[in-house]
Amino acid sequence: LAKTTQPISMDSYEGQEVNITCSHNNIATNDYITWYQQFPSQGPRFIIQGYKTKVTNEVASLFIPADRKSSTLSLPRVSLSDTAVYYCLVGALDNKLIFGAGTRLAVHP
Amino acid sequence: EAQVTQNPRYLITVTGKKLTVTCSQNMNHEYMSWYRQDPGLGLRQIYYSMNVEVTDKGDVPEGYKVSRKEKRNFPLILESPSPNQTSLYFCASSLVLPRSSYNEQFFGPGTRLTVL
């Protein structure tokens, strides 16, 4: 299971693009990279998943370099409602899922 | 509406009084799991189930039991709750196993448990 490292917290302002990078040096060949968003007292919500290169959906983009040892979640033009904790998950140990500490994003007016 | 439901949402109980938190999903998902979330410790997996009658321990299974008699239900049982089990609990499900591709986990709304 690849250990992940993310910044503990980040600050941004409304309308800015936010990039959150996750390091996963020991990622396995068949591991996927998944990001979740969690608001206070709510369950995490799936944002995006990818294996390599770039993935984009209606809420975010995920950039994965060729060596796959890191990944970057990009949130375009954030708003106050994007204030949340963001988790990067890589692979699974057997069939267990392990969430790291996540990145606490604060968006300011 | 596709969803994971948990009951109760809030529960205050006393040490030693057995309790069950129910979890149900209506998406015909194979994989279900329980997590607890504590300040500073993030989300930790308690138990998971890969299918009916197949359950296994997560990272923090002590003091908990689960069962999977039907595909849609995955109750969490605390036989003798203690104050250190005061926490926010989440149930989750996914269509496929976590090692598979596109293994989106759907989480329930959470159950806040206080054990006095």
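Rules and cut-offs
- Residues numbered from 1 in each chain as written.
- Chains lettered and ligands numbered in written order.
- Predicted model: local features only at pLDDT ≥ 70, side-chain atom pairs only at ≥ 80, totals over all residues.
- Heavy atoms only, no water.
- Helix = DSSP H or I, 4+ residues; strand = E, 2+ residues; numbered from the N terminus.
- Rg over C-alpha atoms; globule rule 2.2 N^0.38 Å.
- Buried < 20%, exposed > 50% of the residue type's maximum accessible area, 1.4 Å probe, protein only.
- Areas by Shrake-Rupley, 256 points an atom, 1.4 Å probe, with all protein chains shown as cover.
- Lys, Arg positive; Asp, Glu negative; His and termini not counted.
- Charge placed at Lys NZ, Arg CZ, Asp CG, Glu CD.
- Contact = heavy atoms within 4.5 Å.

Caption draft 1: Molecular detail of the overall build of chain A. Within chain A, the regular secondary structure consists of zero helices and nine strands. Counting from the amino terminus, helix and strand elements in chain A follow one another as β-β-β-β-β-β-β-β-β. For chain A, whose C-alpha radius of gyration is 13 Å, the value lies close to the compact-globule estimate of 13 Å for 109 residues. Within chain A, the fraction of its 109 residues that count as buried is 48%. In the structure as shown, chain A presents an accessible area of about 5,400 Å², 51% of it carried by carbon and sulfur atoms. A gap of 6 Å separates the mean positions of the 9 positive and 8 negative side-chain charges of chain A.

Caption draft 2: View of the overall build of chain B. Looking only at helices and strands, chain B features zero helices and eleven strands. The order of α-helices and β-strands along chain B, N terminus first, is β-β-β-β-β-β-β-β-β-β-β. The C-alpha extent of chain B, read off along each of the three principal axes, is 40 × 30 × 25 Å. Per-residue burial over chain B gives 49% buried out of 116 residues. The contacts in chain B between residues at least 6 apart in sequence include a share of 55% that link residues at least 24 apart. Accessible area of chain B: about 5,500 Å², with a carbon and sulfur share of 53%. Charge separation in chain B, taken as the distance between the mean sites of 13 positive and 10 negative side-chain charges, equals 5 Å.

Caption draft 3: Up close: the environment of Ala92 of chain B. Residue and element names in this part refer to chain B. Relative to the helices and strands, Ala92 is located in strand S9 (residues 87–94). Sequence spacing of Ala92 and Thr5 is 87 residues, and the spatial spacing of their C-alpha atoms is 9.3 Å. Apart from the residues lying within four places of it in its own chain, the contact partners of Ala92 are Tyr31, Met32, Ser33, Tyr35, Gln105, Phe106 and Phe107.

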